[in-house]
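Listed below, chain by chain, are the residues.
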Amino acid sequence: MILFPAIDLKDGQCVRLKLGDMEQATVYNPDPGAQAKAFEDQGFEWLHVVDLNGAFAGETVNGAAVDAILKATRNPVQLGGGIRTLDHIENWLSRGLARVILGTVAVRDPALVIEACRKFPGKVAVGIDAKGGKVAVDGWAEASELGVIELAKKFEGAGVSAIIYTDIDRDGILAGINWASTLELADAVSIPVIASGGLAAMDDIRRMLEPDAVKLEGAISGRALYDGRIDPAEALALIRSAKGKAA
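Residues numbered from 1 in each chain as written. Predicted model: local features only at pLDDT ≥ 70, side-chain atom pairs only at ≥ 80, totals over all residues. Heavy atoms only, no water.

With respect to the overall build of the protein
Item 1. Secondary structure assignment for the protein yields 11 helices and 12 strands.
Item 2. Against the compact-globule benchmark of 18 Å for 247 residues, the protein has a radius of gyration of 16 Å, which places it among compact chains.
Item 3. Overall, the C-alpha framework of the protein stretches about 40 × 40 × 35 Å when taken along its three principal axes.
Item 4. The buried share among the 247 residues of the protein stands at 56%.
Item 5. Contacts spanning at least 24 positions in sequence make up 70% of the contacts within the protein whose residues lie at least 6 apart.
Item 6. Here the protein contributes 26 positive and 34 negative side-chain charges, whose respective centroids are spaced 3 Å apart. (Helix = DSSP H or I, 4+ residues; strand = E, 2+ residues; numbered from the N terminus. Rg over C-alpha atoms; globule rule 2.2 N^0.38 Å. Buried < 20%, exposed > 50% of the residue type's maximum accessible area, 1.4 Å probe, protein only. Contact = heavy atoms within 4.5 Å. Lys, Arg positive; Asp, Glu negative; His and termini not counted. Charge placed at Lys NZ, Arg CZ, Asp CG, Glu CD.)

Things to note about the environment of Pro211
Item 1. By secondary structure assignment, the location of Pro211 is in the loop between helix H9 (202-208) and strand S12 (218-221).
Item 2. Sequence separation of Pro211 and Ala98 is 113 residues, and the distance between their C-alpha atoms is 28 Å.

A closer look at the confidence of the model for the protein
Item 1. Residues of the protein with pLDDT of at least 70 account for 92%, and the chain-wide mean is 90.
Item 2. In the model of the protein, strand S9 (residues 142-147) stands out as the element of lowest mean pLDDT, 68, in contrast to helix H1 (residues 32-41), which has the highest, 98. (pLDDT = per-residue confidence, 0-100.)

Brief notes about the nonpolar core
Item 1. By size, the foremost hydrophobic cluster in this structure holds 67 residues, and its most contacted members are Ile7, Leu102 and Val113.
Item 2. If near-sequence neighbours (up to four positions away) are discounted, Leu102 is found in contact with Ile83, Ile89, Leu112, Val113, Ala116, Val124, Ala125, Val126 and Gly127.
Item 3. By size, the runner-up hydrophobic cluster in this structure holds 10 residues, among which are Ala6, Ala98, Ala125 and Ile194. (Core = buried A, V, L, I, M, F, W, Y, C linked by side-chain atoms within 4.5 Å.)

Regarding the pairing of S12
Item 1. Here S12 shows two buried faces, one formed by Gly218 and Ile220 and the other by Ala219 and Ser221.
Item 2. Looking at chain direction, strand S1 (residues 2-10) and S12 are connected through four bridges and run parallel. Counterpart to Leu3 in the pairing with S12 is Ala219.
Item 3. As paired elements, strand S11 (residues 193-196) and S12 share two bridges and run parallel to each other. Considered in S12, the bridge of Ala195 is made with Ala219.
Item 4. Once the chain exits S11 it traverses H9 before rejoining the sheet at S12, and the crossover so formed is right-handed. (Pairing = 2+ DSSP bridges. Right-handed = clockwise from strand over helix to strand, strands pointing away.)

Some remarks on helix H3 (residues 63-72)
Item 1. Within H3, the full set of buried residues consists of Gly63, Ala65, Val66, Ile69 and Leu70. Buried residues of H3 fall within an arc of 160° about the axis and therefore sit on the same side. Turned more than 90 degrees away from the buried face of H3 sit Ala64 and Lys71, all of them exposed.
Item 2. Buried positions along H3 lie against S1, H1, strand S4 (47-51), strand S5 (77-80) and helix H4 (86-94). (Arc of directions from axis to C-beta.)

Details of the layout of surface pockets
Item 1. Taken as a whole, the largest pocket encloses approximately 150 Å³ of empty space.
Item 2. Taken together, Met1, Ile2, Leu3, Gly43, Phe44, Glu45, Leu236, Ile239, Arg240 and Lys243 form the lining of the largest pocket.
Item 3. Looking at the lining of the largest pocket, the elements that each hand over two or more residues are S1 and helix H11 (232-246).
Item 4. If one sorts the elements of the lining of the largest pocket by residue count, H11 sits on top with four residues.
Item 5. Looking at side-chain class alone, the lining of the largest pocket contains six nonpolar, one polar and three charged residues. (1 Å grid on protein atoms, 1.4 Å probe; cavity = no way out; pocket = protein on both sides within 12 Å on 5 of 7 lines; lining within 4 Å. Points joined across faces, edges and corners; volume = space filled by probe spheres on them. Nonpolar A, V, L, I, M, F, W, Y, C, P; charged D, E, K, R; others polar.)

As for the pattern of salt bridges
Item 1. For the coordinates displayed, the defined rule picks out 12 salt bridges.
Item 2. Between Arg16 and Asp8 there is a salt bridge, and its shortest N-O distance comes to 2.7 Å.
Item 3. The exposure class assigned to Arg16 is buried, which follows from its relative accessible area of 6%.
Item 4. By relative accessible area, Asp8 is classed as buried at 8%.
Item 5. Salt-bridge contacts for Arg229 lead to Asp227; the nearest nitrogen and oxygen are separated by 2.7 Å.
Item 6. Residue classification places Asp227 among the partly exposed positions, given a relative accessible area of 36%. (Salt bridge = Lys/Arg side-chain N within 4 Å of Asp/Glu carboxyl O.)

Printed below as a string of structure tokens:
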């Protein structure tokens, strides 16, 4: 079980959005590299990064900030937002990313995702962002008619390393993870699922360590870490303790 701290990038700064609205952004750190190092120093072992401007633009916008993050931390980094082509994927992996997250292109060109998994084994995750149970694309600006599980099943057996599932209706408002839909997805596919959107308090950390949730690869936390609602040392100690008991 991995707790992924999140760095969302808007205009080169580390921000959090409310309900995916770019107009409701709170700046938490103007130096994303320093934030990445701070998370590493706190004991986190992975980093989740999203290029918010890139998600809307369909191409990398905050590349310099991502490069600064990669330079500042030794932790593996996964990046989503605006990665839409095989060239985009190859470029980012060559710059040191542990894995790329494909979202909009997973809806519009599933074959590209499957090809990417073949070319870059273990390096490709799929981001499924849902609003009202339907998959959203283009930085959450547009809703599709595609259901979450319907999309996820397209990639069974393709070699996708993880599915990052975000409930947009809960993202950035500290409402708690949508455990019902997240666990339903995890039950429906063999691909590891990472929960995202709404992780609010230590109770959510305890919930993700319950027996029915251990199938998850982990969860992503943003605002709750920045606001101090989740204590990194306490959360990571809980996770280590649960791993020790499982072993």
